[in-house]
Amino acid sequence: GYGQAQRVGGSYTMTVDVPDGLRCGDVYYGPIIATRDVYTWDAATLAGTLQSSFAVGCNNTPGGTFTYPFNLTRL
(Lines give C-alpha, C1' and ligand atoms only; values in the text may rest on other atoms or scores of the structure.)
Protein backbone atom coordinates (compact mmCIF):
# COMPACT_ATOMS: atom_id res chain seq x y z
CA GLY A 1 0.00 0.00 0.00
CA TYR A 2 0.89 3.64 -0.08
CA GLY A 3 -0.22 6.80 1.64
CA GLN A 4 0.29 10.52 1.80
CA ALA A 5 1.94 11.99 4.88
CA GLN A 6 0.23 14.85 6.72
CA ARG A 7 2.23 17.32 8.78
CA VAL A 8 0.81 18.49 12.10
CA GLY A 9 3.10 20.73 14.10
CA GLY A 10 6.57 19.22 14.18
CA SER A 11 5.71 15.72 13.01
CA TYR A 12 4.35 13.81 10.05
CA THR A 13 1.77 11.01 10.11
CA MET A 14 0.93 8.58 7.32
CA THR A 15 -1.64 5.77 7.45
CA VAL A 16 -1.45 2.80 5.08
CA ASP A 17 -3.80 -0.21 4.87
CA VAL A 18 -1.67 -3.26 4.02
CA PRO A 19 -3.58 -6.37 2.82
CA ASP A 20 -0.69 -8.70 3.79
CA GLY A 21 0.83 -6.70 6.65
CA LEU A 22 1.06 -9.64 9.07
CA ARG A 23 2.37 -12.98 7.87
CA CYS A 24 1.85 -16.07 9.99
CA GLY A 25 3.99 -19.19 10.02
CA ASP A 26 6.02 -19.53 6.82
CA VAL A 27 6.98 -16.04 5.63
CA TYR A 28 6.36 -16.98 1.98
CA TYR A 29 3.40 -19.38 2.13
CA GLY A 30 1.78 -18.83 5.52
CA PRO A 31 -1.58 -17.13 6.09
CA ILE A 32 -1.71 -13.35 5.79
CA ILE A 33 -3.64 -10.81 7.86
CA ALA A 34 -4.44 -7.23 6.87
CA THR A 35 -2.96 -4.43 8.97
CA ARG A 36 -3.45 -0.69 9.34
CA ASP A 37 0.03 0.78 9.57
CA VAL A 38 0.47 4.26 11.06
CA TYR A 39 3.87 5.87 10.53
CA THR A 40 4.73 8.91 12.66
CA TRP A 41 8.05 10.75 12.49
CA ASP A 42 9.65 13.93 13.72
CA ALA A 43 10.08 16.52 10.96
CA ALA A 44 13.50 17.64 12.27
CA THR A 45 15.19 14.44 13.47
CA LEU A 46 13.39 12.06 11.05
CA ALA A 47 13.15 9.49 13.88
CA GLY A 48 9.83 7.69 13.89
CA THR A 49 7.58 4.86 14.94
CA LEU A 50 5.47 2.41 12.95
CA GLN A 51 2.35 1.08 14.71
CA SER A 52 0.96 -1.91 12.81
CA SER A 53 -2.54 -2.87 14.06
CA PHE A 54 -4.60 -5.94 13.21
CA ALA A 55 -8.13 -7.04 14.18
CA VAL A 56 -7.24 -10.73 14.61
CA GLY A 57 -3.78 -12.23 15.10
CA CYS A 58 -2.22 -15.43 13.81
CA ASN A 59 -4.12 -18.63 14.65
CA ASN A 60 -7.19 -16.56 15.66
CA THR A 61 -5.39 -14.96 18.59
CA PRO A 62 -6.67 -11.56 19.78
CA GLY A 63 -5.90 -8.52 17.66
CA GLY A 64 -3.30 -6.01 18.70
CA THR A 65 -0.58 -3.63 17.62
CA PHE A 66 3.10 -4.20 16.93
CA THR A 67 5.35 -1.14 17.29
CA TYR A 68 8.63 -0.70 15.41
CA PRO A 69 11.10 2.23 15.52
CA PHE A 70 12.62 3.58 12.31
CA ASN A 71 14.84 6.43 11.09
CA LEU A 72 14.52 8.18 7.75
CA THR A 73 17.50 9.52 5.83
CA ARG A 74 17.46 12.53 3.51
CA LEU A 75 18.77 11.83 0.03
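Shown above is the structure to which this text applies.
Residues numbered from 1 in each chain as written. Predicted model: local features only at pLDDT ≥ 70, side-chain atom pairs only at ≥ 80, totals over all residues. Heavy atoms only, no water.

With that out of the way, let us pick up the overall build of the chain. Each helix and strand counted, the chain has zero helices and five strands in total. Moving toward the C terminus, one meets the helices and strands of the chain in the order β-β-β-β-β. Across its three principal directions, the C-alpha atoms of the chain cover 40 × 25 × 20 Å. Counting only residues that meet the buried cut, the chain has 24% of its 75 residues in that class. Considering only contacts in the chain between residues 6 or more positions apart, those separated by 24 or more positions represent 28%. Surface accessibility of the chain: about 5,400 Å² in total, with carbon and sulfur atoms responsible for 55%. Averaged over its 4 positive side-chain charges, the chain has a centre that lies 10 Å from the centre of its 5 negative ones. (Helix = DSSP H or I, 4+ residues; strand = E, 2+ residues; numbered from the N terminus. Buried < 20%, exposed > 50% of the residue type's maximum accessible area, 1.4 Å probe, protein only. Contact = heavy atoms within 4.5 Å. Areas by Shrake-Rupley, 256 points an atom, 1.4 Å probe, with all protein chains shown as cover. Lys, Arg positive; Asp, Glu negative; His and termini not counted. Charge placed at Lys NZ, Arg CZ, Asp CG, Glu CD.)

Before going further, it helps to spend a moment on the packing of aromatic side chains. Summed over all chains, the structure comprises four aromatic pairs. When the ring of Tyr-12 is compared with that of Trp-41, the centres are 5.5 Å apart and the planes differ by 20°; the resulting orientation is stacked. With Tyr-12 in strand E2 (residues 11-23) and Trp-41 in strand E3 (residues 32-42), the pair connects residues that are 29 residues apart, well separated along the chain. Tyr-12 sits in the partly exposed class, given a relative accessible area of 26%. On the basis of relative accessibility, which here comes to 13%, the residue Trp-41 falls in the buried class. A network of ring pairs unites the aromatic residues Tyr-12, Tyr-39, Trp-41 and Phe-70 as a single cluster. (Phe/Tyr/Trp six-rings, centres within 6.5 Å; stacked < 30°, edge-to-face > 60°.)

Looking now at the state of the cysteines. As enumerated under the stated definition, the model contains one disulfide in all. Between the sulfur of Cys-24 and that of Cys-58 lies a disulfide, 1.9 Å long from S to S. One disulfide, between Cys-24 and Cys-58, carries an S-S torsion of -85° and so falls in the left-handed class. Placement of the pair is Cys-24 in the loop between E2 and E3 and Cys-58 in the loop between strand E4 (47-56) and strand E5 (62-71), with a sequence separation of 34 residues. (Disulfide = S-S within 2.5 Å.)

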